[in-house]
Amino acid sequence: ADQAAGQAGRRCIGRWTAALRRLRSPADLSAFIRARGPFELCIWDFDGVVCDSEPLQAESYRRVLLRRGVSPRADFFERYVGLTEPEIWDRIVAEYGVATERPELARERLEALRPALLHDARPNWFVRPALEALRGTGTRSVIVSSGNLSVIEAYLAAWGLSHYFDAVSGLG
């Protein structure tokens, strides 16, 4: 029974993925959600989903490394996507031999990241219409992220999105 349920779930996800790829506008997305909702819960990630912040995140790590005389390859951050900041620093320290304490590295990186986020970060095109459609169906939305909670909350507030989320969970 568990195996059959798993197969059925994979078929459902496959159909949804194919349908989502055909969506071309906020109106298409809203109609898609309203036709299928309500859902029990919608779980969002912040970095890479709500906000395409990964290039900004990568640049902030690169700047910290450059200040220490380390010149990482352009694609160095790809292997760290999805890890927590402490995990990333553990790997960077091991790989590049950075001698600075991790809390200082994290503080310095956040200083480099905040102005970039303020200037360049925006929610992805689909976020607001999806949140509005989900709310219209009575579906709760939450963010579960390995990102810095204070940064996530600040940007949700700046973008006027805080009220769409029933809970936000992050690190820091």
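See the structure printed just above.
Residues numbered from 1 in each chain as written. Predicted model: local features only at pLDDT ≥ 70, side-chain atom pairs only at ≥ 80, totals over all residues. Heavy atoms only, no water.

Asks: Can you tell me about the packing of aromatic side chains, naming the residues and giving the values?
Replies: Going through the model one piece at a time under the given rule, you end up with nine aromatic pairs. Measuring from ring centre to ring centre gives 6.0 Å for Phe46 and Trp159, while their planes differ by 10°; the resulting arrangement is stacked. Of this pair, Phe46 sits in the loop between strand 1 (41–44) and helix 3 (54–67) while Trp159 sits in the loop between helix 7 (149–158) and strand 3 (167–171), placing them 113 residues apart in sequence. On the basis of relative accessibility, which here comes to 2%, the residue Phe46 falls in the buried class. Looking at Trp159, the relative accessible area reads 13%, which means it is buried. With a centroid separation of 6.1 Å and an interplanar angle of 70°, the aromatic rings of Phe76 and Tyr80 are classed as edge-to-face. Taken as a pair, Phe76 and Tyr80 share a single burial class, namely buried. Following the ring pairs from residue to residue traces out a cluster consisting of Tyr61, Phe76, Phe77, Tyr80 and Trp89. (Phe/Tyr/Trp six-rings, centres within 6.5 Å; stacked < 30°, edge-to-face > 60°. Helix = DSSP H or I, 4+ residues; strand = E, 2+ residues; numbered from the N terminus. Buried < 20%, exposed > 50% of the residue type's maximum accessible area, 1.4 Å probe, protein only.)

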